[in-house]
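Coordinate analysis (summary)
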Amino acid sequence: GGVLRPHEKADCLPGAFYNVVGCAVSLLIGTQDVACMCCLMLALGDPSASLVGRLVGRRSRCRFPGGKSLDGSLTMFGVCLVVDLGYLGVAQPLLSPGDAWRWSLAASALAAISEAVPPFGLDDNLVVPLVPCACAFLLSWALPGIFPDV
């Protein structure tokens, strides 16, 4: 077997293409720290969710419309939360612990939801970095000063 999944063979573009596009657009619309955090969520959270979803989730009764399992989505959330808190501790050490937790919880929830149920049927490799990054961008633009500069 090759590296492409059956649905990727049927499509014109593999998931890796959407991965690159999602991260590139995140770097264009977000601050460097937010975009890097979102790309790390994709790089570490998505494969973790897939692994747990395949190993444990196949016995799960709770499935999302695209066939993804709750177990995989909870793993995605947990891995993203650890990634975000770790990244914010290094990249934004002046950020208060409360602000770091709020940002991390919100970004991790958005990433997990967009991985489980990608909007408009888009590839999850595209939307996982884009959704949290775009939300952070829109909120900081619409409500200046409500969030710290992350």
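In short, a report on the structure. Predicted model, so just to flag it, every value in this text is computed and none were measured.

Cut-offs applied
Residues numbered from 1 in each chain as written. Predicted model: local features only at pLDDT ≥ 70, side-chain atom pairs only at ≥ 80, totals over all residues. Heavy atoms only, no water. Helix = DSSP H or I, 4+ residues; strand = E, 2+ residues; numbered from the N terminus. Buried < 20%, exposed > 50% of the residue type's maximum accessible area, 1.4 Å probe, protein only. Contact = heavy atoms within 4.5 Å. Areas by Shrake-Rupley, 256 points an atom, 1.4 Å probe, with all protein chains shown as cover. Salt bridge = Lys/Arg side-chain N within 4 Å of Asp/Glu carboxyl O. Polar contact = N/O pair within 3.5 Å; in protein donor to acceptor, adjacent residues only side chain to side chain. Phe/Tyr/Trp six-rings, centres within 6.5 Å; stacked < 30°, edge-to-face > 60°. Expected span 1.5 Å × (residues − 1). Core = buried A, V, L, I, M, F, W, Y, C linked by side-chain atoms within 4.5 Å. Axes fitted to C-alpha atoms, helices over the stretch in contact; angles between N-to-C directions. Parallel < 35°, antiparallel > 145°, perpendicular 65-115°, else oblique. Left-handed = near helix turned anticlockwise from the far one by under 90°. Nonpolar A, V, L, I, M, F, W, Y, C, P; charged D, E, K, R; others polar.

Bringing the overall build of the chain into the picture now. Looking only at helices and strands, the chain has six helices and zero strands in total. A burial count over the chain gives 36% of its 150 residues as buried. For the chain, contacts bridging at least 24 residues in sequence account for 66% of all contacts bridging at least 6. Carbon and sulfur atoms make up 70% of the accessible area of the chain, which amounts to about 8,600 Å² in all.

Side-chain pairs of opposite charge can arise where the charged atoms are in close proximity. Applying the stated criterion across every chain, the model contains three salt bridges. We note a salt bridge from Lys68 to Glu115, for which the minimum N-O separation is 3.2 Å. Taken together, the residues Lys68 in the loop between helix 3 (32–55) and helix 4 (70–91) and Glu115 in helix 5 (residues 97–116) connect sequence positions 47 residues apart. Note on Lys68: relative accessible area 26%, which makes it partly exposed. Asp124 serves as the salt-bridge partner of Lys68, at 2.9 Å between the closest nitrogen and oxygen. Separated by 56 residues along the polypeptide, Lys68 in the loop between helix 3 and helix 4 and Asp124 in helix 6 (residues 124–142) bring together distant segments of the chain. Several salt bridges converge on common partners, so that one network encompasses Lys68, Glu115 and Asp124.

The next thing to look at is the side chain of Ser69. Residue position: Ser69 is located in the loop between helix 3 and helix 4. Here Ser69 falls in the buried class, since its relative accessible area comes to 5%. Within the local environment of Ser69, its side chain forms a polar contact with the backbone nitrogen of Gly72, the two atoms lying 3.1 Å apart.

Take the packing of aromatic side chains next. Across all of its chains, the model carries one aromatic pair by this definition. Aromatic side chains Phe17 and Tyr18 sit 5.5 Å apart centroid to centroid with 80° between the ring planes, which places their arrangement in the edge-to-face category. Classification of Phe17 as partly exposed rests on a relative accessible area of 39%. Given a relative accessible area of 22%, Tyr18 falls into the partly exposed group.

With that settled, consider helix 6. The end-to-end C-alpha distance of helix 6 is 26 Å, a good match for the 27 Å that 19 residues give at a rise of 1.5 Å each. Elements in contact with the buried residues of helix 6: helix 2 (15–29), helix 3, helix 4 and helix 5. For helix 6, the N-terminal cap is Asp123; the gap from its side-chain oxygen to the backbone nitrogen of Asn125 is 2.8 Å.

The next thing to look at is the nonpolar core. Counting 21 residues, the largest nonpolar core has Met41, Met76, Leu88 and Ala111 as the members making the most contacts within it. Elements with a minimum of two residues in this core: helix 3, helix 4, helix 5 and helix 6. A per-element tally of this core places helix 3 first, with seven residues. Met76 has contacts with Met41, Gly45, Asp46, Ala49, Ala111, Ala112, Glu115 and Val128, leaving out every residue within four places of it along the chain.

Next up on the list: the packing of helix 3 against helix 4. Where helix 3 contacts helix 4, the axes come no closer than 8 Å and their chain directions differ by 150°. In this view, helix 3 runs roughly antiparallel relative to helix 4, as classed from their interaxial angle. Relative to helix 4, the crossing made by helix 3 is right-handed. Residues of the contact of helix 3 with helix 4, tallied by class, amount to 14 nonpolar, six polar and four charged.

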